[in-house]
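The chain contents come next:
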Amino acid sequence: LVGDTATLEVSDLLPGNHDVQATYNRNGDLARSSSATLTHGVELADTSVTLESSNPDAVAGEPLTFSAQVSVVAPGAGQPTGTVQFAADGEPIGAPVAVSNGVAVSPATGLDAGDHVITANYSGDNRFAGGSAMIDQEVESARTTTAVTTSPNPSVVGQPVTVTATVSPVSPATGTPEGAIRFTIDGAVVGIVDLVDGEAEIEVGTLERGNHEVKAQYLSGDANFRPSTSTTA
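Rules behind the numbers
Residues numbered from 1 in each chain as written. Predicted model: local features only at pLDDT ≥ 70, side-chain atom pairs only at ≥ 80, totals over all residues. Heavy atoms only, no water. Helix = DSSP H or I, 4+ residues; strand = E, 2+ residues; numbered from the N terminus. Areas by Shrake-Rupley, 256 points an atom, 1.4 Å probe, with all protein chains shown as cover. Lys, Arg positive; Asp, Glu negative; His and termini not counted. Charge placed at Lys NZ, Arg CZ, Asp CG, Glu CD. Polar contact = N/O pair within 3.5 Å; in protein donor to acceptor, adjacent residues only side chain to side chain. Pairing = 2+ DSSP bridges. Axes fitted to C-alpha atoms, helices over the stretch in contact; angles between N-to-C directions. Buried < 20%, exposed > 50% of the residue type's maximum accessible area, 1.4 Å probe, protein only. Salt bridge = Lys/Arg side-chain N within 4 Å of Asp/Glu carboxyl O. Contact = heavy atoms within 4.5 Å. Patch = residues over 30% accessible without salt bridge, like charges linked within 9 Å, V, L, I, M, F, W, Y side chains within 5 Å. Core = buried A, V, L, I, M, F, W, Y, C linked by side-chain atoms within 4.5 Å.

1. Focus on the overall build of the chain
When helices and strands are tallied, the chain shows zero helices and 20 strands. Dimensions of the chain, computed from C-alpha atoms along their principal axes, come out at roughly 125 × 25 × 20 Å. Just so you have it, the chain exposes about 14,000 Å², and 48% of that area is on carbon and sulfur atoms. Here the chain carries 8 positive and 28 negative side-chain charges, and the mean point of each set is 6 Å from the other.

And the structure:
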């Protein structure tokens, strides 16, 4: 007691109603006594969630992760647990991720070109209320490279020659470009062929004697990947 008052600070009460009672232990001529029971309510502490992208200026197919920071709003205190569910345009990105030291990081994911809405929903736990955050993620179409080869090279007059084009995304983009290849020999178009698993080929059997300029142009039929033209084979 300080004067006629005793104070005790408690900081670890769980949410809910708690019965609080004070008992005075006898001292000298004063008799022992107890107070009436006081009901003290404890509510969940509020939280705030902030969300960040590993690359706000990503390209299609680039592996992205999203980080959610869960903070306790004063006068609440402590370290939130629970999970965060990440989503892109309303579709879950993997399973819920456990919060560790106030942070949850999404699984890596690749997004198509365009504007996307990313959300992080914090579940809350037995001490802290849930919360959510949202950001816009812009994804640009990815650059590509187109390579062309001929086989056999050299060939003889009248011998069929196979021209093969391969289209690849430029890192950090991933994925397999779709669309078609326009093949040209000495500037003249000899065919347009659809890509299959990133490759297209055409057979040419009318080449005359001499050196010929063979090129392949990727005609992007895929919004995720930009057109590109090979160097001369």
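Having seen it, we continue.
2. Let's talk about the environment of Asn153
Mapping Asn153 onto the fold places it in the loop between β14 (144-151) and β15 (161-169). Considering only alpha carbons, one finds Asn153 and Arg209, 56 residues apart in sequence, at a separation of 12 Å. Within the local environment of Asn153, its side chain forms a polar contact with the side chain of Thr150, the two groups lying 3.2 Å apart.

3. Points about the sheet that holds strand β5 (residues 47-53)
For sheets, the rule is that strands pair by backbone hydrogen bonds, running either parallel or antiparallel. Taken together, the three strands give an open sheet; going across it, the order is β5-β7-β11, and neighbouring strands pair in antiparallel fashion. The outermost strands of the open sheet, each flanked by one partner alone, are β5 and β11 (103-105). Between one strand axis and the next, the sheet turns through 20° on average, direction left out of account. Taken together, the seven bridges between β5 and strand β7 (residues 66-72) define a ladder with antiparallel strand orientation. If you follow Leu51 over to β7, its bridge partner there is Ala68.

4. Quick look at the side chain of Asp222
Position of Asp222 relative to the elements: it lies in the loop between β19 (214-220) and β20 (228-229). Salt bridges are absent for the buried Asp222, whose nearest opposite-charge side chain, Arg226, sits at 11 Å. Polar contacts involving the side chain of Asp222 include one to the main-chain amide nitrogen of Asn224, which spans 2.9 Å. Contacts of Asp222, omitting those with residues within four sequence positions, involve Thr176, Pro177 and Glu178.

5. Here's the deal with a negative patch on the surface
Negative charge collects at one region of the surface, where Asp57, Asp115, Asp136, Glu138 and Glu140 lie side by side. Looking at the negative patch element by element, the count peaks at three residues for strand β13 (residues 131-140). Summarising the element assignment, Glu140 is placed in strand β13. What makes Glu140 partly exposed here is its relative accessible area of 37%.

6. As for the sheet that holds β19
The four strands lie next to each other as β17-β16-β19-β20, forming an open sheet whose pairing is antiparallel. This sheet does not close on itself; its edge strands, each paired only once, are β17 (188-194) and β20. Two elements, strand β16 (residues 179-185) and β19, share seven bridges in a ladder whose sense is antiparallel. Pairing of Phe183 across the sheet is with Ala216, part of β19.

7. Thoughts on the side chain of Glu62
Position of Glu62 relative to the elements: it lies in the loop between β6 (57-59) and β7. No salt bridge forms around the buried Glu62; measuring N to O, its nearest opposite-charge neighbour Arg226 is 10 Å away.

8. Digging into a nonpolar patch on the surface
A grouping of Leu8, Val10 and Leu13 is seen on the molecular surface, where their side chains present a nonpolar patch of about 290 Å² in accessible area. The residue Leu13 is located in the segment before β1 (16-20) in this model. When its relative accessible area of 33% is taken as the criterion, Leu13 is described as partly exposed.

9. A short note on the nonpolar core
Counting 24 residues, the largest nonpolar core has Leu51, Phe66, Val84 and Phe86 as its most contacted members. Among the secondary structure elements, those contributing two or more residues to this core are β5, β7, β8 (83-88), β12 (114-122) and β13.

10. Description of unusual backbone geometry
In this model, Ala74 is joined to Pro75 through a cis peptide bond whose omega is 10°. For the bond from Ser171 to Pro172, the omega torsion is 15°, close enough to zero to count as cis. Residue position: Pro172 is located in the loop between β15 and β16. Positive phi values are uncommon outside glycine, yet Asp186 reaches one of about 55°. Tracing the sequence through the fold places Asp186 in the loop between β16 and β17. Overall, Asp186 belongs to the partly exposed group, its relative accessible area being 44%. Despite not being glycine, Asp197 shows a phi value in the positive range, around 55°. Residue position: Asp197 is located in the loop between β17 and β18 (199-204). According to the relative accessible area criterion, Asp197 is exposed, its value standing at 71%.

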